[in-house]
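The lines below spell out each chain.
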Amino acid sequence: MLTSAEGMYYQDDKGRSVLDGCAGLWCVNAGHGRKEISEAVARQVAKLDYAPPFQMGHPLAFEFAERLAEIAPEKLNHVFFTNSGSESVETALKIALGYHRLKGDATRQRLIGRERGYHGVNFGGISVGGIGNNRKMFGAGLSGIDHLPHTLNINLNAFTKGLPEHGVELADALEQIIALHDASNIAAVIVEPMSGSGGVIMPPQGYLKRLREITRKHGILLIFDEVITGFGRVGKAFASTRWGVEPDIMTTAKGLTNGVIPMGAVFVSDEIHDAFMTGPESMIELFHGYTYSGHPVACAAGLAALDIYEKENLFDRAIELEDKFAESLLSMKELPNVIDIRNTGLVAAIELAPETGKPGERGHKVFKHCYENGVLVRWTGDILAMSPPLIIEPAHIDQMVSALREGILLAS
Ligand SMILES: Cc1ncc(COP(=O)(O)O)c(CNc2cccc(C(=O)O)c2)c1O
């Protein structure tokens, strides 16, 4: 049990000090215990604890939206606030369907996700998502869904530093899906620029650009789910910015408030926004929204987080440290059972060969060793994922690597 946190470290109920190698759950990008955020939250909750976002509003929501639009990809100038990444994904999918209907293309109802994609746990998200365990228990999900192939290829791309060389042609699978259904029936494609929960799977060089070209050619909206990659994780404010491909809709959460207050934000282009805002003033434009959308206290946390990111240049830090991070991790490539190390910015994964007949066992052993030796990493099956706070220093990277190295040797 984690009982307190400060900077890069947790304290647990046994008095251990544990380095947070995964920024909480990919969300505490500015590190723990930031006074600027807790003080902003305390002030705000005492001043305006709640205001309804239905028919009413409060200035902070608009101030935050404008600040977010400033750092967003060029075309994405409008923000819809939610309370989580899952809600951001549902919101994005509904906006995409609503947009096409308003444009007179109501036949565009199909949604396309990707294998091994993770888009949260609501029905839309698990339908476009591609992780079997998140789907199998809950029935068929939404109809009219297709999936692109995932882009992990250990045989061709193992131990790549940064974005893999092979696999751009995997984006062409979208043309086949379009040939099958016809573009007039397809609303949107949703992908994580980098698949996080699915195993830290990088986009091959040129892949996102190819997706953008194909979707644009067929009038299909491109949604980037940047719940993990947003707010500096892969360098720059967003993966879209870092890798130079602009979606039509972008979903975010996690780092939006440094993980302090639950909040999500969906960014849309002028074109999409204006399609809904046809008036008259008294008319409800989008029959969708949450009680806590744009919550005043969440906005205060988000604004304070944004101030920290900007003041401390944290969106550039993942680029400054990515060579050190990658080289430190790739130094483990010769260890027994290490079959791949994937990395970009300040996010990485080490994939281990499973123990015969016991998938996940080896990964769990390494996870436990690391934790008991003061380093918390993300363990999913035989993959160990790392996404440390962006305030990490080289000495912390060395501490992570030495715990991982010991753990991998002991688990061999
Ligand atoms: C790309 C993406 N989209 C949506 C969500 C859903 O966000 P919420 O959880 O706030 O509803 C996520 C969340 N990502 C997430 C959540 C929980 C566990 C793990 C893991 O890596 O084990 C990853 C995510 O990574």
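As shown above, the structure is provided for reference.
None of these values were measured; they are calculated from a predicted model.

A. Inspection of the site of the ligand at higher detail. Around the ligand sit 15 residues, and of these Trp26, Gly85, Ser86, Asp225 and Arg378 come closest. Interatomic distance of 2.8 Å between a side-chain N/O atom of Trp26 and an oxygen atom of the ligand. Between the ligand and Lys254, the relevant distance is 3.1 Å, taken from a nitrogen atom to a side-chain nitrogen or oxygen of the residue. For the ligand, whose free accessible area comes to 540 Å², the fraction covered by protein is 83%. Of all the elements in the fold, those that place two or more residues in the shell around the ligand are α1 (23-26) and α4 (85-102). When its residues are assigned to classes, the shell around the ligand shows 5 nonpolar, 6 polar and 4 charged. Of the residues that make up the shell around the ligand, three or more belong to each of domain 1 (2-30 + 313-410) and domain 2 (38-311).

B. Structural detail: the pairing of strand β3 (residues 17-20). Of the pairings in the sheet, the one linking strand β2 (residues 9-12) to β3 comprises 3 bridges and is antiparallel in character. Looking at the pairing, Gln11 lines up with Ser17 of β3. A loop of 4 residues connects β2 with β3, the two strands running antiparallel in sequence, and Gly15 in this loop sits at a positive phi of about 80 degrees. Bridge analysis of β3 against strand β13 (residues 375-376) gives 2 bridges, and the strand direction is parallel. In the strand pairing of β13, Leu19 is matched with Val375.

C. Here's a closer look at a nonpolar patch on the surface. Residues Phe123, Met137, Phe138 and Leu142 make up a contiguous nonpolar surface patch of roughly 460 Å² in combined accessible area. With respect to the helices and strands, the residue Leu142 is situated in the loop between α5 (123-128) and β6 (145-148). Here Leu142 falls in the partly exposed class, since its relative accessible area comes to 38%.

Conventions and cut-offs
- Throughout, a residue's number is its position along its own chain's written sequence, starting from 1.
- For a predicted model such as this one, the threshold for reporting local features is a pLDDT of at least 70, and the threshold for listing and counting side-chain atom pairs is 80 or more; totals across whole chains, interfaces and linings nevertheless cover every residue.
- As a rule here, side-chain values come from all non-hydrogen atoms in the structure, and water together with hydrogens is ignored.
- The cutoff for a nearby residue is simple: one of its non-hydrogen atoms must lie within 4 Å of the molecule or strand.
- Polar contact is defined as a pair of N or O atoms within 3.5 Å, subject to the rule that within protein one atom must be able to donate a hydrogen and the other to accept it, and that residues adjacent in sequence are counted only when both atoms are side-chain atoms.
- Each accessible area value is a Shrake-Rupley result obtained with a 1.4 Å probe; residue values ignore everything except the protein chains displayed when judging cover.
- A helix here means a DSSP run of H or I that spans at least four residues, while a strand means a run of E at least two residues long, and both kinds are numbered starting from the N terminus.
- Under the grouping applied here, Gly and all other residues not named as nonpolar or charged are polar, the nonpolar ones being Ala, Val, Leu, Ile, Met, Phe, Trp, Tyr, Cys and Pro and the charged ones Asp, Glu, Lys and Arg.
- Domain start and end points were adopted from an automatic or database domain assignment.
- DSSP bridges decide pairing: two strands pair if at least two such bridges lie between them.
- For patches, a residue must show more than 30% relative accessible area and have no salt bridge; joins then use 9 Å for like charges and 5 Å for nonpolar side chains, namely Val, Leu, Ile, Met, Phe, Trp and Tyr.
- A pairing counts as a salt bridge when a side-chain nitrogen of Lys or Arg comes within 4 Å of a carboxyl oxygen of Asp or Glu.
- Here the term buried applies to any residue with accessible area under 20% of the maximum for its type, exposed to any over 50%, and partly exposed to those in between, with areas from a 1.4 Å probe on protein chains only.

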